[in-house]
Amino acid sequence: MNWVILLAPLVSAVLITLVLHPLRKISAGVSVLACAVSFAASVKVFLADGAGSVSAVTWLDYPGLLTVTIGALTDHLSTLMLLIVSGVGLCIHIFACGYMKDDPGISRFFAKLSLFMFSMLGIVLADNLVMMFIFWELVGLSSYLLIGFWFERPSAAEAAKKAFIVNRLGDFGFLLGILGVWWAWGTVDFGELKNSVSAAALPAVLAQNPLAVTLIGLGLFMGCIGKSAQFPLHIWLPDAMEGPTPVSALIHAATMVAAGVYMLCRVFFILELSPQTLQIIATIGAITAIFAALIATQQNDIKRILAYSTLSQLGYMVLAVGLCATSAAMFHLCTHAFFKALLFLGAGSVIHALHHEQDIWRMGGLWKKMPITAATFLIGTLALTGCPLLAGFFSKDAILLAALHNNIWIFGVAIITAALTAYYMFRLFAVAFLGQARSAAVQHTHESPPVMTLPLTVLAALAVVGGYLGQQAYLGQPHADHAGGGLVLWLSVLVFALGAVGGLWLYLRAKSERVHVDIFANKFYSDELYQALFVNGQQLLARILDWIDRWIVGGLIVRGLAVLATVSGEILRLVQGGNVQAYATVFILGVIFLCYWVMVHLQHLF
Amino acid sequence: MELVTQITLNHYLTLSGVLFIIGLAGVMLRRNIVVIYMGLELMLNAANLALVAFSRFGVAPNLDGHVMVFFIITVAAAEVAVGLALMVALYRLKQTTNTGDLTSLKF
């Protein structure tokens, strides 16, 4: 059963690529069907509840050294994640049928989407680090292909390259982390690792090198920094919005970027060994959360606002992992997948209706034109901002509670981020959906077809009830029962109200931007900083190497040898003048020299 | 007082050397191909003179040198026939006997 989950999308991707691609509607249908099969199989596995069961085939076997399997691990963590990935994925597949209806490359799109589903489900099911790494890279590849789906647009091609290269940086750290784990414990299998880590004493190599366990943890965390777009490597995610909107929803909001957090939870028992690692993880998460939220307050592109919001929420999850609250992190991952997919699909619906207009200042008044999209978008906004009784409220409070118990500074950052989240989301909602129409396109727009509104409705329903379901699945008890729960509850309601009222009050009747903060609008100049530090430095290095290659290697060594041969040939050519007497003279001189030499040096023979 | 009491091997060899050098200089320096040829003949005859002198004044005088000289004269006669024929052919082809104009012997 586990293999069906994994293989259905792969079969779909291969079929569409090789056979079905001229048949546009059938390609889309096959891809949706494959996703539905995965979802059905995931539900069955979830209900069967085979806790910790593994079905694996051995791939590499070097006895006593390394055994790598390709297996499907279905435990509490992965079955829930499977449900989220395939469930949200199914909604988005259906939505994409409507959104991509008129695109000439729809077959290619669905083939890549299926490839992505295969890779993502592979990460979730992976029973060892090596297999996870392989699917991790596959996910990076399909992300690259889908961001660059409209590759004829230079910005999309650039964004795809940027995402791929930045992710490579993180992946390299991840690979080092995996090697470190193998070096320390001699296995990469999650089950065996968990047993040997919990077996009291550390391995000898780690006992001798206390720093190593921190470095291994940081290596693994590097993978998360790249894939989940945490602070130093966050720059690729906003640019990834160049891809089609369903891709942004599925990959760059709901599932793939959450893979980093999922991986952290999977290997948490290793991270846990080093308090320093956890400290760094929590700090990076907190920085990302507030940093991205500040930038989001000044963006004008509807998808970019949501992208920075995604960054901020991922920061929340990573922060929770750093505070040992993995179940809160997974809970927030789950609810976030619901409402962020919903928000992106809502944005997609708007963009589709307005013929690819993404600037919120050219929208306005969509509430009347697109009631279903607007209503579901409002639900998504409320869920994201932590409105009481909706999904985000519960998961965010779980994280805030963990922060309050661990680190008061991080708690403060998280609370401020929550207020900012409410502020920028209500700014977005007020500008795009309320008020007066700001462009002619809005006047003529109308509600999207049912194939797009149906997934919106389903996800909206999940965004409402996800909190209650997830709370049972992840936390097991209502969060307000914990010590300090009441304080967190009231504080989070207060910051939600503050942010929401602030956003609405400032922007409800605004004709243009009311608040100007250049540093936020320019994303803290991070792209410019990277340009100056890394791109230009690398360009300089490249130019130096180019010079060396051109003049030293190419000029002096390669062409130098050729020039040497040519010049010496030219000089020696002068000797062969064609004059017989000159030849005779040389010949005679040679004979005289030989005679002299024989007489001087071979005297003793006579 | 006698200036020259007896003509010895050294006198012959000196004469032979002088003739050889004159012939060699003619081969190396003259431009007319007929004169070069004459230089070559002079060098052959210088060698003949040395051979005959050794044959008469050598450590064990015998007729071996004479035999050698006859061979050389015979071969030189044949060589003259071939060489002059070549020169005539060359002159017909190039209308010159100046070696400075005959520079096609190169790559």
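Residues numbered from 1 in each chain as written. Chains lettered and ligands numbered in written order. Predicted model: local features only at pLDDT ≥ 70, side-chain atom pairs only at ≥ 80, totals over all residues. Heavy atoms only, no water.

Caption draft 1: Summary view of the overall build of chain B. If you tally the helices and strands in chain B, you get 3 helices and 0 strands. Helices and strands appear in chain B in the N-to-C order α-α-α. Since a compact globule built from 107 residues should have a radius of gyration of about 13 Å, the 18 Å found for chain B marks it as more spread out than a globular shape. In terms of principal-axis extent, the alpha carbons of chain B reach across some 60 × 30 × 25 Å. (Helix = DSSP H or I, 4+ residues; strand = E, 2+ residues; numbered from the N terminus. Rg over C-alpha atoms; globule rule 2.2 N^0.38 Å.)

Caption draft 2: Highlighting the overall build of chain A. Across its full length, chain A carries 26 helices and 2 strands. For chain A, the spread of C-alpha atoms along the principal axes amounts to about 120 × 65 × 50 Å. Each of the 606 residues in chain A was classed as buried or not, and the buried ones make up 54%. A sequence separation of at least 24 residues applies to 80% of the contacts in chain A between residues at least 6 apart. Total accessible area on chain A stands at roughly 25400 Å², and carbon and sulfur atoms take up 72% of it. (Buried < 20%, exposed > 50% of the residue type's maximum accessible area, 1.4 Å probe, protein only. Contact = heavy atoms within 4.5 Å. Areas by Shrake-Rupley, 256 points an atom, 1.4 Å probe, with all protein chains shown as cover.)

Caption draft 3: Just the packing of aromatic side chains, in detail. Residues and elements named next belong to chain A. All told, the structure shown has 22 aromatic pairs over all chains when counted by the stated rule. Relative to Phe-291, the ring of Phe-231 lies with its centre 5.2 Å away and its plane at 75°, an arrangement referred to as edge-to-face. Of this pair, Phe-231 sits in the loop between α9 (210–227) and α10 (236–239) while Phe-291 sits in helix α14 (residues 275–296); the two residues are 60 residues apart in sequence, bridging distant segments of the chain. Of the residues examined, Phe-231 reaches a relative accessible area of 29% and is grouped as partly exposed. Three or more aromatic residues link up through ring pairs in this structure, and these residues are Phe-109, Phe-110, Phe-149 and Trp-150. When the ring centre of Tyr-316 is taken as origin, the NZ or CZ atom of Lys-396, which lies over that ring, is 5.6 Å away. When the ring centre of Tyr-507 is taken as reference, the NZ or CZ atom of Arg-427 above it lies at 5.2 Å. (Phe/Tyr/Trp six-rings, centres within 6.5 Å; stacked < 30°, edge-to-face > 60°. Lys NZ or Arg CZ within 6 Å of the ring centre and 35° of its normal.)

Caption draft 4: How the structure looks around the interface of chain A and chain B. Listed by partner, the interface residues are 9 residues for chain A and 14 residues for chain B. Run the count over chain A and chain B and you get 5 residue pairs in polar contact (both at pLDDT 80 or more). Split into classes, the residues belonging to the side of chain A that touches chain B amount to 3 nonpolar, 6 polar and no charged. (Polar contact = N/O pair within 3.5 Å; in protein donor to acceptor, adjacent residues only side chain to side chain. Nonpolar A, V, L, I, M, F, W, Y, C, P; charged D, E, K, R; others polar.)

Caption draft 5: Geometry of empty space enclosed by the protein. Residue and element names in this part refer to chain A. Taken as a whole, this structure holds 2 cavities of 30 Å³ or more when the rule is applied. Counted as a void, the largest cavity has a volume near 40 Å³. For the largest cavity, the full set of lining residues is Thr-385, Gly-386, Gly-392, Phe-393, Lys-396, Asp-397, Leu-400, Ala-418, Ser-492, Val-495 and Phe-496. Of all elements in the fold, only α19 (391–406) and α23 (485–507) reach the threshold of two or more residues within the lining of the largest cavity. With 5 residues, α19 is the largest single contributor of residues to the lining of the largest cavity. For the lining of the largest cavity, the class distribution of residues is 5 nonpolar, 4 polar and 2 charged. Lining the second largest cavity are Lys-162, His-234, Ile-235, Pro-238, Asp-239, Tyr-308, Lys-523, Ser-526 and Asp-527. Those elements giving two or more residues to the lining of the second largest cavity turn out to be α10 and α25 (526–575). (1 Å grid on protein atoms, 1.4 Å probe; cavity = no way out; pocket = protein on both sides within 12 Å on 5 of 7 lines; lining within 4 Å. Points joined across faces, edges and corners; volume = space filled by probe spheres on them.)

Caption draft 6: Representation of a nonpolar patch on the surface in the model. Taken together, the side chains of Leu-540, Leu-541, Ile-544, Leu-545, Trp-547, Ile-548, Trp-551, Ile-552, Val-553, Leu-556, Ile-557 and Val-558 of chain A define a hydrophobic patch exposed on the protein surface, amounting to about 1200 Å² of accessible area. Along the chain, the position of Val-558 of chain A falls in helix α25. (Patch = residues over 30% accessible without salt bridge, like charges linked within 9 Å, V, L, I, M, F, W, Y side chains within 5 Å. Salt bridge = Lys/Arg side-chain N within 4 Å of Asp/Glu carboxyl O.)

Caption draft 7: Looking closely at the packing of helix α2 (residues 33–57) of chain B against helix α3 (residues 64–94) of chain B. One way to put it is that α2 of chain B packs onto α3 of chain B with a least axis distance of 10 Å and a crossing angle of 175°. As far as their axial angle goes, α3 of chain B and α2 of chain B are roughly antiparallel. (Axes fitted to C-alpha atoms, helices over the stretch in contact; angles between N-to-C directions. Parallel < 35°, antiparallel > 145°, perpendicular 65-115°, else oblique.)

Caption draft 8: Representation of unusual backbone geometry within the structure. Residues and elements named next belong to chain A. Not every positive phi belongs to a glycine, and Cys-324 is a case in point at roughly 70°. For Cys-324, the location among the structural elements is in the loop between α15 (302–322) and α16 (326–353). According to the relative accessible area criterion, Cys-324 is partly exposed, its value standing at 43%. Located in the positive-phi region is Leu-389, a residue other than glycine, with phi close to 80°.

Caption draft 9: Representation of the pattern of salt bridges within the structure. Residue and element names in this part refer to chain A. Tallied over the full model, the rule gives 11 salt bridges over all chains. Note that Arg-266 is salt-bridged to Asp-75, the shortest N-O span being 2.8 Å. Here the residue Arg-266 occupies a position in helix α12 (residues 256–266), and Asp-75 occupies one in the loop between β2 (66–74) and α3 (76–99), the gap between them amounting to 191 residues. The partner of Asp-239 in a salt bridge is Lys-162, with the nearest N and O atoms 2.8 Å apart. Taken as a pair, Asp-239 in helix α10 and Lys-162 in helix α6 (residues 154–185) lie far apart in primary sequence, 77 residues in all. Within this structure, Lys-162, Asp-239, Arg-304 and Asp-527 form a network of salt bridges that share partners.

Caption draft 10: The arrangement of the packing of helix α4 (residues 106–125) of chain A against helix α11 (residues 245–254) of chain A in detail. All names here are of chain A. Running from N to C, α4 and α11 point in directions that differ by 5°, and their axes come no closer than 12 Å. Compared by their axis directions, α4 and α11 come out roughly parallel. Across the interface between the two elements, Phe-109, Leu-113, Phe-116 and Met-117 of α4 pack against Pro-246, Val-247, Leu-250 and Ile-251 of α11. Its residues assigned to classes, the contact of α4 with α11 comprises 8 nonpolar, no polar and no charged.

Caption draft 11: Inspection of the side chain of Arg-304 of chain A at higher detail. Mapped onto the elements of the fold, Arg-304 of chain A is located in helix α15. The contacts of Arg-304 of chain A, once residues within four sequence positions are left out, are Pro-238, Asp-239, Gln-299 and Lys-523 of chain A.

Caption draft 12: Spatial organisation of the environment of Val-68 of chain A. All names here are of chain A. Following the sequence through the fold, Val-68 ends up in strand β2. By relative accessible area, Val-68 is classed as buried at 0%. Each C-alpha atom of the pair Val-68 and Leu-145 lies 28 Å from the other, and the pair is 77 residues apart in sequence. If sequence neighbours within four positions are ignored, Val-68 has contacts with Thr-58, Trp-59, Leu-60, Asn-128, Val-130 and Val-188.

Caption draft 13: Spotlight on the confidence of the model for chain A. Of all residues in chain A, 97% attain a pLDDT of 70 or more, and the chain-wide mean is 87. Mean pLDDT per element in chain A: helix α8 (residues 204–208) of chain A is the minimum at 73, and helix α5 (residues 129–147) of chain A is the maximum at 92. (pLDDT = per-residue confidence, 0-100.)

Caption draft 14: Looking closely at the environment of Thr-335 of chain A. Residues and elements named next belong to chain A. Mapped onto the elements, Thr-335 comes out in helix α16. Remark: the alpha-carbon pair of Thr-335 and Gly-467, spanning 132 residues in sequence, is separated by 6.6 Å. For Thr-335, the residues in contact, after removing those within four places along its chain, are Ala-391, Ser-395, Gly-466 and Gly-467. Here His-332 takes part through its backbone oxygen, which lies 3.1 Å from a polar atom of the side chain of Thr-335. Within the structure, Thr-335 has its side chain in polar contact with the side chain of Ser-395 (distance 2.8 Å).

Caption draft 15: Seen up close, α3 of chain B. With 31 residues, α3 of chain B extends 44 Å from end C-alpha to end C-alpha; this agrees with the ideal 45 Å at 1.5 Å per step. Directly after α3 of chain B, the chain includes Gln-95 of chain B, whose backbone phi takes a positive value near 60°. (Expected span 1.5 Å × (residues − 1).)

Caption draft 16: Quick look at the state of the cysteines. All names here are of chain A. In total, this model carries 0 disulfides over all chains according to the counting rule given. Take Cys-91: it sits in no disulfide, and the sulfur closest to it among the cysteines is that of Cys-35, at 8.9 Å. Left unpaired, Cys-265 is separated from the closest cysteine sulfur, that of Cys-224, by 9.1 Å. By relative accessible area, which is 10% here, Cys-265 ends up buried. (Disulfide = S-S within 2.5 Å.)

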